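# Summary of structural features
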Amino acid sequence: MNPFWKSRILFALGSLWALPMTAVGLVLGLGSLLLGARVSFSDAAVVFSGFRFFSRGALTLGQVILHTGTSLDEPTLTYHCAAFGGDECVRIGSHERAHVYQTMALGLFFLPLYFLHGGISHTNRFEQAADRYARTGSGWWPYGS
């Protein structure tokens, strides 16, 4: 099979697998439009920028990124630097795109596994993989490597 079509088919299947979480993200994102959020498409996801339901950062639900800032091009500290100091930053959109891919691979299992591995923490292998992907452009899978 042509690699172009193979990647398209895998993307479509991953999108279907992530659809329940994407639907939750869309409901939250559409509600945030009433509070001034803006919607766009970037990093393999529908992006709601200016999301006001938490103080800062981003949350990925399926193929929806809820972002408190104005652009996914903004730099953010890696989880390691945020925990231990340092100034290594990554593009927040690239970090969140890794979570989109993780969700497309794991579907509804993503959230339970994410929290099983420590939730929002520098020790969470999902966050480590997302930082690795944002730094290098590869390695978004949280197991192995």
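Going by the structure above, here's the rest.
Described below are features of the structure shown in this document. (Residues numbered from 1 in each chain as written. Predicted model: local features only at pLDDT ≥ 70, side-chain atom pairs only at ≥ 80, totals over all residues. Heavy atoms only, no water.)

### Quick word on the environment of Arg 135
One can find Arg 135 in helix α5 (residues 125-136). Excluding anything up to four places from it in sequence, Arg 135 contacts Thr 78, Glu 88 and Val 90. (Helix = DSSP H or I, 4+ residues; strand = E, 2+ residues; numbered from the N terminus. Contact = heavy atoms within 4.5 Å.)

### Quick word on a nonpolar patch on the surface
Residues Met 1, Phe 4, Trp 5, Ile 9, Leu 10, Leu 13, Leu 16 and Leu 19 make up a contiguous nonpolar surface patch of about 900 Å² in total accessible area. Mapped onto the elements, Leu 10 comes out in helix α1 (residues 3-33). Its relative accessible area of 53% is what places Leu 10 among the exposed residues. (Patch = residues over 30% accessible without salt bridge, like charges linked within 9 Å, V, L, I, M, F, W, Y side chains within 5 Å. Areas by Shrake-Rupley, 256 points an atom, 1.4 Å probe, with all protein chains shown as cover. Salt bridge = Lys/Arg side-chain N within 4 Å of Asp/Glu carboxyl O. Buried < 20%, exposed > 50% of the residue type's maximum accessible area, 1.4 Å probe, protein only.)

### Here we look at the packing of aromatic side chains
Across all of its chains, the model carries 13 aromatic pairs by this definition. Geometrically, the ring pair formed by Phe 4 and Trp 5 is edge-to-face, given 5.1 Å between the ring centres and 80° between the ring planes. Judged by its relative accessible area of 41%, Phe 4 is partly exposed. Ring geometry for Phe 51 against Phe 54: centres 5.3 Å apart, planes inclined by 50°, an arrangement best described as tilted. (Phe/Tyr/Trp six-rings, centres within 6.5 Å; stacked < 30°, edge-to-face > 60°.)

### Quick look at the side chain of Thr 22
Along the chain, Thr 22 turns up in helix α1. Exposure remark for Thr 22: the relative accessible area of 8% places this residue in the buried category. Non-local contacts of Thr 22, meaning those with residues more than four positions away in its chain, are made with Leu 61, Gly 62, Gln 63 and Val 64.

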